[in-house]
Amino acid sequence: MTWRLSETDRRLRGCALALALGAAGLSSPAWAQGSTPLPGAYAEWHEAKNREEDAEPREFVLINYFFTRVTASNQLADPSGLKGVALGPIGLPAGSAVRVDGRSAFFVEQRWIPVLEYSPFFMDGLASFRAQVEVDYLWGRSANALQQNEGGGFNADQVNIQTKNVNVALYPTKKPAELAIVMGTQPVYDSYFDPTRTPLNDIIRTGYKLAFLGSDATGLSAFSNYKGHSSRLSLLPLGSAQADKALLDDPRLKYAVLGMADYAYPVAPGTQVGLSAWYLRDDTKGDAYAFEGLVKSGPSSSGLPFFVGTSRFNIERPTGWVGWLGANFHHNIDFRTGPFGASGFVMYNLGRYESSNPETTANPAVDISGLSANLELLYNFGRTPADLVTLEGMFSTGDSNLDDGRYTSAFTLNQYGLPGAVWFNHKMLLLFPFTSTANNYTGAVTDISNQGFGLQTVLATGAYDLIPNKLNLKLGVGHARSSVTPPETTPGVARGRIIGTEINAELRYTIRYLMTVGLHGGYMFRGNFYGGNPRVTTNPWAAFTTFTWYAF
């Protein structure tokens, strides 16, 4: 690399790049490790580094993220339900209604994300402004119109810009690692690291790995990593509705609000153990929307579960609360102290929703109690960090009767978002959705609750750099089953617990720095979980070609 940049300028670029990687929704490359502090006053910078000849740090940083994916698959989704977006598990009769019935589809999708960061010198390192938008579409679909997730047709001329993040970060001590306060629309994850300053490659392997929360939200968050002690406090209104306007002539907004508190203790260099306590209060009575005017949010939504793979509670106009108590750890996941690494978590969710309809024929209340756990083991056997063997397991309890007044599986923020949680670390292509995507996020399991039936899965991968830091080959295998036996889809045809077994292979080539092309293919042997399901009549397969470029 022949760049001639000052250390401070590189750090500023690294800060903005971490934002881009975290916000883009794709894992960052292996080089992007650790946080990069924002520069302070120019005088301190010159005195500390004695670099009179170097250029001053830039106030304005622009990063472009461009991604294209070519897909050939027999997973057939209907993108009309969410206007260009296909989400959800295979086999469901509604939502994107993803079928696997012997026919195949071919399409190309594209994503562009520009990330802006402005840190004016006169603020003396006290504040930064960040903004991010997103443009997604399928090639050849829609033109000359106003609609998100569209615009790849002839003429283009589509108004399709989506607001992702607009926020201000304040650094009261001028040292972001000590204290960072983020106000506004921001990326929100279930890891305790500051997502505006931490590469997503670290986010998806720490905390709860986006299995419970991974999206954007507007609110207030405070992050600290003082002397290695990581912590986070967040207050995030997830949705609102005029829930009592029609019946009580009360025009006030009622909110679903999430509060999060996390702390991690550095046991040793590269090793942290964390604790979490989160609380969600929902007074919207099921009237808030995950997709405005189309799909309502919350556990009583009749449309959301089909898109995100959760379960619907048999309750009308509910108000209630959910709490999460969790513990997590990670050890040497960057292989800085040896060839072995590990990470994992345990999460217990509990809560209660009560119906506000006194004449309801559904459940008057639903109690929540579910347990989830994860463990991943890693071994770096070769010359580069990409020479890697991994073994990972994910578990969640299941509910054999989703219509009664007790829910006993994982409760994730997929109950409120489209999606609201995206487990990125699984390394599968079909058993769980391929995470390098723009508009299509489909697979056998799209939420760790597995539609409320629970999940038991084991995933193994082996990767090797055929050309060091240039050409990487990864092979993977995964097996998943539900924790309880699901009810019949077709009367008289019993279903089993085995969801399926996947084998896959991926080949990635680095063309230039931060520019990669990949070939990815997978095949899934479906199990008796799909017994009697007329929408899954053959084994799923898919082949992808991806092109990714981060430019800054």
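Residues numbered from 1 in each chain as written. Predicted model: local features only at pLDDT ≥ 70, side-chain atom pairs only at ≥ 80, totals over all residues. Heavy atoms only, no water.

Here's the deal with empty space enclosed by the protein
Okay, so step 1: Taken as a whole, this structure holds 2 cavities of 30 Å³ or more when the rule is applied.
Okay, so step 2: Approximately 90 Å³ is the volume found for the largest cavity.
Okay, so step 3: If you trace the largest cavity, you find 14 residues lining it, with Trp423, Val445, Thr446, Asp447 and Ile448 closest to the centre.
Okay, so step 4: Of the residues belonging to the lining of the largest cavity, the class tally is 10 nonpolar, 3 polar and 1 charged.
Okay, so step 5: Of the pockets and cavities examined, the second largest cavity occupies roughly 30 Å³.
Okay, so step 6: Lining the second largest cavity, in full, are Pro187, Val188, Tyr189, Ser191, Phe193, Pro195, Ser221, Phe223, Arg232 and Ser234.
Okay, so step 7: If you tally residues by element for the lining of the second largest cavity, the top one is strand 6 (residues 180–189), at 3 residues. (1 Å grid on protein atoms, 1.4 Å probe; cavity = no way out; pocket = protein on both sides within 12 Å on 5 of 7 lines; lining within 4 Å. Points joined across faces, edges and corners; volume = space filled by probe spheres on them. Nonpolar A, V, L, I, M, F, W, Y, C, P; charged D, E, K, R; others polar. Helix = DSSP H or I, 4+ residues; strand = E, 2+ residues; numbered from the N terminus.)

A short note on the pattern of salt bridges
Okay, so step 1: Tallied over the entire structure, the rule returns 27 salt bridges.
Okay, so step 2: The salt bridge involving aspartate 136 is made with arginine 111; its shortest N-O contact spans 2.9 Å. Here the residue aspartate 136 occupies a position in strand 4 (residues 127–138), and arginine 111 occupies one in strand 3 (residues 105–118), the gap between them amounting to 25 residues.
Okay, so step 3: The exposure class assigned to aspartate 136 is buried, which follows from its relative accessible area of 1%.
Okay, so step 4: Of the charged contacts, one joins aspartate 334 and arginine 205 as a salt bridge, the two residues approaching to 2.8 Å between their closest N and O atoms. Of this pair, aspartate 334 sits in the loop between strand 13 (318–331) and strand 14 (340–355) while arginine 205 sits in the loop between helix 3 (200–203) and strand 7 (214–226); the two residues are 129 residues apart in sequence, bridging distant segments of the chain. (Salt bridge = Lys/Arg side-chain N within 4 Å of Asp/Glu carboxyl O. Buried < 20%, exposed > 50% of the residue type's maximum accessible area, 1.4 Å probe, protein only.)

Thoughts on a nonpolar patch on the surface
Okay, so step 1: On the surface, Phe60, Leu62, Leu116, Tyr118, Phe121, Phe122, Phe129, Val166, Val168, Leu170, Met183 and Leu220 cluster together to form a nonpolar patch covering roughly 1,000 Å² of accessible area.
Okay, so step 2: Going through the elements one at a time, strand 1 (60–73), strand 3 and strand 5 (162–170) are the ones with two or more residues in the nonpolar patch.
Okay, so step 3: At 3 residues, the largest contribution of residues to the nonpolar patch is made by strand 5.
Okay, so step 4: Relative to the assigned elements, phenylalanine 129 resides in strand 4.
Okay, so step 5: The class of phenylalanine 129 is partly exposed, set by a relative accessible area of 35%. (Patch = residues over 30% accessible without salt bridge, like charges linked within 9 Å, V, L, I, M, F, W, Y side chains within 5 Å. Areas by Shrake-Rupley, 256 points an atom, 1.4 Å probe, with all protein chains shown as cover.)

Details of the nonpolar core
Okay, so step 1: The biggest cluster of nonpolar side chains holds 52 residues, and the ones touching the most others in it are Phe212, Trp324, Tyr353, Phe411 and Ile499.
Okay, so step 2: Those elements that provide at least two residues to this core are strand 9 (254–268), strand 10 (271–282), strand 13, strand 14, strand 15 (365–380), strand 19 (455–467) and strand 23 (541–551).
Okay, so step 3: In terms of nonpolar packing, the next biggest core, distinct from the first, is built from 19 residues, Val85, Phe193, Val308 and Tyr441 among them. (Core = buried A, V, L, I, M, F, W, Y, C linked by side-chain atoms within 4.5 Å.)

Things to note about the pairing of strand 8 (residues 229–241)
Okay, so step 1: One ladder, built from 7 bridges, connects strand 7 with strand 8; its direction is antiparallel. Looking across to strand 8, one finds that asparagine 225 is bridged to serine 230.
Okay, so step 2: Hairpin remark: strand 7 followed by strand 8, antiparallel, with 2 residues in the connecting loop; positive phi at lysine 227, about 50 degrees.
Okay, so step 3: Note: strand 8 against strand 9, 11 bridges, orientation antiparallel. Bridge assignment links leucine 236 to a residue of strand 9, and that residue is leucine 258. (Pairing = 2+ DSSP bridges.)

Some details on the pairing of strand 9
Each regular strand displays side chains that alternate between the two surfaces of the sheet.
Okay, so step 1: Judged from the 12 bridges that link them, strand 9 and strand 10 form a sheet pairing that is antiparallel. Looking at the pairing, glycine 259 lines up with tyrosine 279 of strand 10.
Okay, so step 2: Where strand 9 hands over to strand 10, the hairpin turn is made up of 2 residues, of which glycine 270 adopts a positive phi near 80 degrees.

A short note on the side chain of asparagine 439
Okay, so step 1: Relative to the helices and strands, asparagine 439 resides in the loop between strand 17 (406–407) and strand 18 (440–443).
Okay, so step 2: A polar contact of 3.4 Å, which involves the side chain of asparagine 439, links it to the backbone oxygen of asparagine 149.
Okay, so step 3: Apart from the residues within four sequence positions on either side, asparagine 439 is in contact with Gly84, Val85, Ala86, Glu109, Asp136, Tyr137, Leu138 and Asn149. (Polar contact = N/O pair within 3.5 Å; in protein donor to acceptor, adjacent residues only side chain to side chain. Contact = heavy atoms within 4.5 Å.)

As for unusual backbone geometry
What you tend to see is this: most non-glycine residues have negative phi, and most peptide bonds are trans.
Okay, so step 1: Residue proline 419 is bonded to the preceding leucine 418 through a cis peptide linkage, with omega at -15 degrees.
Okay, so step 2: Of note, the phi angle at lysine 174 is positive, near 65 degrees, even though the residue is not glycine.
Okay, so step 3: Residue position: lysine 174 is located in the loop between strand 5 and strand 6.
Okay, so step 4: Its relative accessible area of 30% is what places lysine 174 among the partly exposed residues.

Some remarks on the packing of aromatic side chains
Here a ring pair, both rings aromatic, is described through the centre-centre distance and the interplanar angle of the planes.
Okay, so step 1: Under the definition given, this model contains 22 aromatic pairs.
Okay, so step 2: Between tyrosine 208 and phenylalanine 345, the aromatic rings sit 5.3 Å apart at their centres with planes inclined by 65 degrees, giving edge-to-face as the arrangement. In this pair, tyrosine 208 sits in the loop between helix 3 and strand 7 while phenylalanine 345 sits in strand 14, placing the two residues 137 residues apart along the sequence. In this pair, the class of tyrosine 208 matches that of phenylalanine 345, namely buried. (Phe/Tyr/Trp six-rings, centres within 6.5 Å; stacked < 30°, edge-to-face > 60°.)

Topic: the side chain of threonine 442
Okay, so step 1: For threonine 442, the position within the fold is in strand 18.
Okay, so step 2: Once you skip the residues sitting within four places of it in the chain, threonine 442 turns out to touch Gln75, Ala77, Ala86, Leu87, Gly88, Val98 and Pro433.

Scope: geometric values only; no functional claims are made or implied.
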